[in-house]
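# Observations on the model geometry
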Amino acid sequence: MTNTESKAMIELHEKIDVPRPVHEAFDYVLDFRSVIEWDATASAASKLTAGAIDVGTRFDVKCELPVGAVTIRYTITRLEPNQTIELHGTCALFEVNDVIHFSETQDGTHIDYRANFTFHKVLSSAEKLAQSGMERMGKASLLGLKSALEDNFPAPKISTGNQRADSLVVPGLALFTKAGFRRGRRRWQPMSAWMGDKHVVITGANSGLGLSVAYRLAELGAELTLVIRNEARAASLIDELRRETGNSRIHVEIADLSLMSEVDRLVQRMIRSDKTIDVLINNAGALFNPRALTAEGLEKSFALLLLSPVKLTLGLKPLLARAETARVINVVSGGMYSQKLNVDELICPEQGYSGSVAYAKAKRALMVTTEQWAQEWADDNIIVNAMHPGWANTPGVENALPGFHKLTRLVLRSPAEGADTINWLAVATEAGKISGKLFLDREPRTTHLMSSTVEDNAEREKLRQFLANFTLEHAQETPRKAS
Ligand SMILES: NC(=O)c1ccc[n+]([C@@H]2O[C@H](COP(=O)([O-])OP(=O)(O)OC[C@H]3O[C@@H](n4cnc5c(N)ncnc54)[C@H](OP(=O)(O)O)[C@@H]3O)[C@@H](O)[C@H]2O)c1
């Protein structure tokens, strides 16, 4: 018997119709990591090659099969844009050839999916047994792909388990770790929205969470404007992102966001560029110990963490309002749970200054502002949400809180895990159905773990007035460049 004759083959053939333009369905499947969102057997996926996805791009997909876990190494072997994707997969048990055809229909896209499995000799006797199980799995995975591309998921609600954890405070804090992320992801829905026509502005995009978001959104094809303060990093940041993701629509704006004059100039440049903004991610942040003032005389935590995103967002609002639906994402912190809004103490005095307290006060105020904007801007179709990343292992945490970092580093989230909810708020269709909330792990969460931190309406109104006077007063002081 020859080697070929001893091999067993199974062919699966499934067809689905989805209400999406061909290029959107094609792009979603082409990044084959999406398989973990629609194939119930796939539990992890990674892209092994850098650059734009093309013939030769390789992916590893870990599948939990009845016979055990296997990692399939897929290589794209043929690509006809918006028509055909062919992949060859190999693992310890079998080889598989996937041929996926996309064609336009009146209502969207028809997808024809064939997978030919060739089992290695040792398993060939199990062919008959395997056939019906494989057929069931094939059908289920194409139904998963159909549901992912229909993209019709409801706005998320907090799960009962997380609601209980939050009410008990300590279990709520335990969810800030990577264990919380892993627990959260079990409930997530696929995220197939197309980003190729979206322009996203990300502040603080050169390290930590912001860099991770820049990578992911570049991979998803969004046009990016990255706001960083380090001019020397600009060229290498653009090169790195273009090389790794194949996305050439990446721009950098330089601004020290703790200086209101630079925020103003950034706003002026962006208004002049006249480019609609679909998503603004206010991510830049730092924790300042000891207390320090900016060159403009403002306490740094207040300037960078509160006044700066407020000024930037208000300044860019005309560009946001032009999007069909725009999204503003304010990155706050679980640290805010320790603070009650007290407008008179927002600018922390020298005496008794603590960087962590000043940071938490600013984040609390940004959360309240998020809720206010969400209400006020609903008619402008601007969705405003906040998120906190839990505890993630970033340069920011390592530098500002070395003791905390040392103690917790084994349970800290990766930057990508910390940044996941920022990506979700920027991309997911259902994230556009909810505004004015705080999210962790793609779920709206309480803004108060303790009743003692709940502010009253008078204090919220005072914050609105304070920021309005402050931004106005400062705008008048700031010399403006003639355009
Ligand atoms: N990591 C966590 O566990 C955690 C937890 C809660 C909240 N957060 C929040 O998540 C956000 C991102 O933090 P991260 O952990 O990713 O820290 P990170 O690695 O230090 O990133 C912070 C980013 O903000 C930029 N930035 C700081 N000061 C700036 C300024 N004056 N002008 C312009 N950009 C400035 C930094 O630029 P440079 O590189 O030039 O300094 C950097 O790109 C922050 O808002 C932080 O408060 C993080």
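Criteria and cut-off values
Residues numbered from 1 in each chain as written. Predicted model: local features only at pLDDT ≥ 70, side-chain atom pairs only at ≥ 80, totals over all residues. Heavy atoms only, no water. 1 Å grid on protein atoms, 1.4 Å probe; cavity = no way out; pocket = protein on both sides within 12 Å on 5 of 7 lines; lining within 4 Å. Points joined across faces, edges and corners; volume = space filled by probe spheres on them. Helix = DSSP H or I, 4+ residues; strand = E, 2+ residues; numbered from the N terminus. Domains from an automatic or database assignment. Contact = heavy atoms within 4.5 Å. Buried area = accessible area lost by both parts, 1.4 Å probe. Salt bridge = Lys/Arg side-chain N within 4 Å of Asp/Glu carboxyl O. Polar contact = N/O pair within 3.5 Å; in protein donor to acceptor, adjacent residues only side chain to side chain. Nonpolar A, V, L, I, M, F, W, Y, C, P; charged D, E, K, R; others polar. Buried < 20%, exposed > 50% of the residue type's maximum accessible area, 1.4 Å probe, protein only. Pairing = 2+ DSSP bridges. Right-handed = clockwise from strand over helix to strand, strands pointing away.

Further remarks concern the layout of surface pockets. Of the pockets and cavities examined, the second largest pocket occupies roughly 1,300 Å³. Looking at the second largest pocket, it is lined by 47 residues, and the ones nearest its centre are Gly285, Ala286, Leu287, Tyr359 and Gly396. Those elements that place two or more of their residues in the lining of the second largest pocket are helix H7 (208-219), strand S9 (223-228), helix H10 (300-321), helix H11 (355-376) and helix H12 (395-400).

Take the domain arrangement of the chain next. You can read the domains of the chain as domain 1 (8-150) and domain 2 (161-477). Between domain 1 and domain 2, the residue contacts involve 15 residues of the former and 12 residues of the latter. For the pair domain 1 and domain 2, the two sides together bury roughly 1,000 Å², of which 46% comes from carbon and sulfur. Taken together, the links from domain 1 to domain 2 amount to two salt bridges. Residue Asp31 is joined to Arg216 by a salt bridge in which the shortest nitrogen-to-oxygen separation is 3.9 Å. Put simply, domain 1 and domain 2 have seven residue pairs in polar contact (both at pLDDT 80 or more) between them. When contributions to the side of domain 1 that touches domain 2 are tallied by element, the ones reaching two or more residues are helix H1 (22-30), helix H2 (35-38) and helix H3 (127-150). Ranked by the residues each element gives to the side of domain 1 that touches domain 2, the list is headed by H1, at four residues. Its residues assigned to classes, the side of domain 1 that touches domain 2 shows six nonpolar, two polar and seven charged.

Here we come to the pairing of strand S11 (residues 279-282). With burial as the criterion, each face of S11 is covered, one bearing Val279 and Ile281 and the other bearing Leu280 and Asn282. Both strand S8 (residues 199-203) and S11 contribute to a ladder of three bridges, which runs parallel. Its bridge partner lying in S11, Ile202 is registered against Ile281. Bridge count between S11 and strand S12 (residues 326-331): four bridges; the pairing is parallel. Residue pairing for S12: Leu280 is matched across the bridge by Val328. In this region the chain leaves S11, passes through H10 and returns to the parallel neighbour S12; the handedness of that crossover is right-handed.

Under the criterion given, the structure shown has 32 salt bridges. One salt bridge in this structure joins Arg249 and Glu223, with 3.6 Å as the shortest N-O distance. Of this pair, Arg249 sits in the loop between helix H8 (231-245) and strand S10 (250-254) while Glu223 sits in strand S9; the two residues are 26 residues apart in sequence, bridging distant segments of the chain. Assessed through its relative accessible area of 31%, Arg249 is described here as partly exposed. Looking at Glu223, the relative accessible area reads 13%, which means it is buried. A single network of salt bridges, built from pairs that share partners, joins Asp31, Arg33, Arg216 and Glu219.

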